[in-house]
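# Descriptive analysis of the structure
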Amino acid sequence: MVSGPVRGVVLERDGAVYRVATDAGERRAVLRGKTKRDTPKVVVGDEVSLEPEAGGELYGITAVGERRTLLERRVPEGRGTRPVAANIDEVFVVTSTADPPPILQLLDRLLVVAEANGIPAAVVVNKIDLADPDPLTDRFRRAGYTVFRTCTRTGEGMPEFIAALTGHTAVVTGPSGAGKSSLLNAVQPGLSLRVGAVSEKLRRGKHTTVGAVMIPLERGGFLVDTPGFSEVGLWGIEPRELASCFPEMRRFIGECRYPDCRHVSEPKCAIQAAVAAGDVAADRLDSYRVLLTELESEPEEWE
Ligand SMILES: Nc1nc2c(ncn2[C@@H]2O[C@H](COP(=O)(O)OP(=O)(O)O)[C@@H](O)[C@H]2O)c(=O)[nH]1
Ligand SMILES: [Mg+2]
Ligand SMILES: [Zn+2]
């Protein structure tokens, strides 16, 4: 019997044991001595090679594939970052048109987290049966994002959303009540996230130790369930990098009079000029400023 290396994707970590999806089913695996020393910490989403361990039902992780993307969270007191999930292809930020009303700054914050981690993001405007989705759609499209418009009641827009999710590794996030569970249930009945993005205030300072989990989709691809996505990664951003996390502002960076322009009240600021000219939405610059203030203040601890 030949049993060469098996390739798989890490779905979940439970202490030292990793649950790995392979073509032949799920396997439980541990890091081998050499891999432990030579590779960065293995996380959910990592593509690994497995070999059976002698005389046991556990497999050994012999190699970890190069990561396409890496979602990281900051560790307090300047101790660097901690990887949370690898190889996420896309972040879907869900909002309702109404009930609850969209919170633009929260949505922008989630988009910035994706940008800061180098992960493409898209917006899902849900509950298009309740209010005109055009203003929200225009706002995010003008900022450079793909926007899906959905109604989980009528199914409108669902084929497009399902197609975008299928075959990829995605995070679905957004405020509570936006319709995330309803959307995912329409993708695959029974599919749900353990924890939605709750309000910043509720979470701040509390322990969020639950790790990320990847859920295989029946149609192909994975959903990454990362509790507390809204806190993940933001603190790793340097204040001077923040404007580059707003796609529509990128082309103006470097055009300001002062090279260290914060784009707040500095004279001859290209981004403020772009707002005045209608090339950048004023409420996007508002979001930028709120996040800048947050990044420039002393970070709070939450771990
Ligand atoms: N009118 C309307 N209600 C929706 C839609 N999608 C979800 N809902 C309702 O919005 C509420 C919150 O949805 P849920 O999926 O739990 O949101 P989550 O907190 O983001 O997971 C529920 O009562 C849903 O039935 C929609 O497209 N239209
Ligand atoms: Mg939910
Ligand atoms: Zn500027």
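Now for a description of the structure that goes with this document. (Residues numbered from 1 in each chain as written. Chains lettered and ligands numbered in written order. Predicted model: local features only at pLDDT ≥ 70, side-chain atom pairs only at ≥ 80, totals over all residues.)

Another aspect to go through is the overall build of the protein. Tallying secondary structure elements over the protein gives eight helices and 13 strands in all. The burial tally for the protein puts 37% of its 303 residues in the buried class. Across the protein, the fraction of contacts at a sequence separation of at least 24, relative to all contacts at a separation of at least 6, is 64%. (Helix = DSSP H or I, 4+ residues; strand = E, 2+ residues; numbered from the N terminus. Buried ≥ 20, exposed ≤ 12 C-beta atoms within 10 Å, placed from the backbone. Contact = placed C-beta atoms within 7 Å.)

One can describe the packing of helix H2 (residues 104–116) onto helix H8 (residues 282–296) by two numbers: an axis separation of 9 Å at closest approach and a directional angle of 70°. Considered as vectors, H2 and H8 are oriented roughly perpendicular to each other. Considering how the two elements wind past one another, H2 and H8 form a crossing that is right-handed. Taking contact as the criterion, the partners of Leu104, Gln105, Asp108, Arg109 and Val112 in H2 are, on H8, Asp283, Arg284, Ser287, Val290 and Leu291. Looking at side-chain class alone, the contact of H2 with H8 contains four nonpolar, two polar and four charged residues. (Axes fitted to C-alpha atoms, helices over the stretch in contact; angles between N-to-C directions. Parallel < 35°, antiparallel > 145°, perpendicular 65-115°, else oblique. Left-handed = near helix turned anticlockwise from the far one by under 90°. Nonpolar A, V, L, I, M, F, W, Y, C, P; charged D, E, K, R; others polar.)

If you trace the five strands once around the closed barrel, you get S1-S2-S3-S5-S4, paired in mixed fashion. Strand-to-strand twist across the sheet, computed as the mean angle between neighbouring axes with direction ignored, equals 55°. The sheet contact formed by strand S1 (residues 6–14) and strand S2 (residues 17–22) spans six bridges and is antiparallel. Bridging from a neighbouring strand, arginine 13 pairs with tyrosine 18 of S2. (Pairing = 2+ DSSP bridges.)

Here we come to helix H3 (residues 134–142). Looking at H3, one finds that the buried residues are Leu136, Arg139 and Phe140. Along the axis of H3, the buried positions cluster into a sector of 85°, meaning they face one direction only. Pointing more than 90 degrees away from the buried face of H3 are the exposed residues Asp134, Asp138 and Arg141. The elements touched by buried residues of H3 are strand S8 (90–96), strand S9 (121–126) and strand S10 (146–149). Positive backbone phi, at 105°, marks glycine 144, one or two positions downstream of H3. (Arc of directions from axis to C-beta.)

Further remarks concern the sheet that holds S8. Pairing is mixed in the open sheet, where six strands are placed in the order S10-S9-S8-S11-S13-S12. Across the chains shown, the open sheet's two edge strands, defined by having one partner strand only, are S10 and strand S12 (213–216). Sheet twist, expressed as the mean angle between neighbouring strand axes with direction ignored, is 30°. Two elements, S9 and S10, share four bridges in a ladder whose sense is parallel. Within the sheet, the bridge partner assigned to valine 125 lies in S10 and is arginine 149. H2 rests against S8, S9 and strand S11 (169–173) of the sheet, and its axis sits at about 180° to S8. In the packing of helix H4 (residues 158–165) onto the sheet, contacts are made with S9, S10 and S11, and the angle to S10 comes to roughly 130°.

What follows deals with the site of ligand 1. Residues in contact with ligand 1 amount to 15 residues; listed here are only the nearest, Thr152, Gly179, Lys180, Ser181 and Ser182. For the shell around ligand 1, the leading source of residues is helix H5 (residues 180–187), giving three residues. Residue classes in the shell around ligand 1 are distributed as three nonpolar, eight polar and four charged. (Near = placed C-beta within 6 Å.)

What follows is about the environment of phenylalanine 140. Relative to the elements of secondary structure, phenylalanine 140 occurs in helix H3. For phenylalanine 140, a count of 24 C-beta atoms within 10 Å corresponds to the buried category. Separated by 17 residues in the primary sequence, phenylalanine 140 and valine 123 have C-alpha atoms spaced 7.3 Å apart. Apart from residues no more than four positions distant in its own chain, phenylalanine 140 is found in contact with Val123, Tyr145 and Val147.

Of all residues except glycine, most have a negative phi; of all peptide bonds, most are trans. Cis geometry is found at the peptide bond from aspartate 99 to proline 100, where omega equals 0°. A positive phi is found at aspartate 99, a non-glycine position, where the angle reads about 55°. For aspartate 99, a count of 11 C-beta atoms within 10 Å translates into the label exposed. Positive phi, close to 55°, is recorded for lysine 268, a residue that is not glycine. Here lysine 268 is to be found in the loop between strand S13 (222–225) and helix H7 (270–276).

Next up on the list: the pairing of strand S5 (residues 59–64). As paired strands, strand S3 (residues 25–31) and S5 are joined by three bridges and run parallel to one another. Across the sheet, the residue bridging to alanine 29 is tyrosine 59, located in S5. As judged from the five bridges shared by strand S4 (residues 47–52) and S5, these two strands associate in the antiparallel manner. What sits directly across from leucine 50, in S5, is isoleucine 61.

As a further point, take H8. Helix length check: H8 (15 residues) gives 21 Å between terminal C-alpha atoms against 21 Å at 1.5 Å per residue, within 8%. Where H8 is buried, its residues meet H2 and H7. (Expected span 1.5 Å × (residues − 1).)

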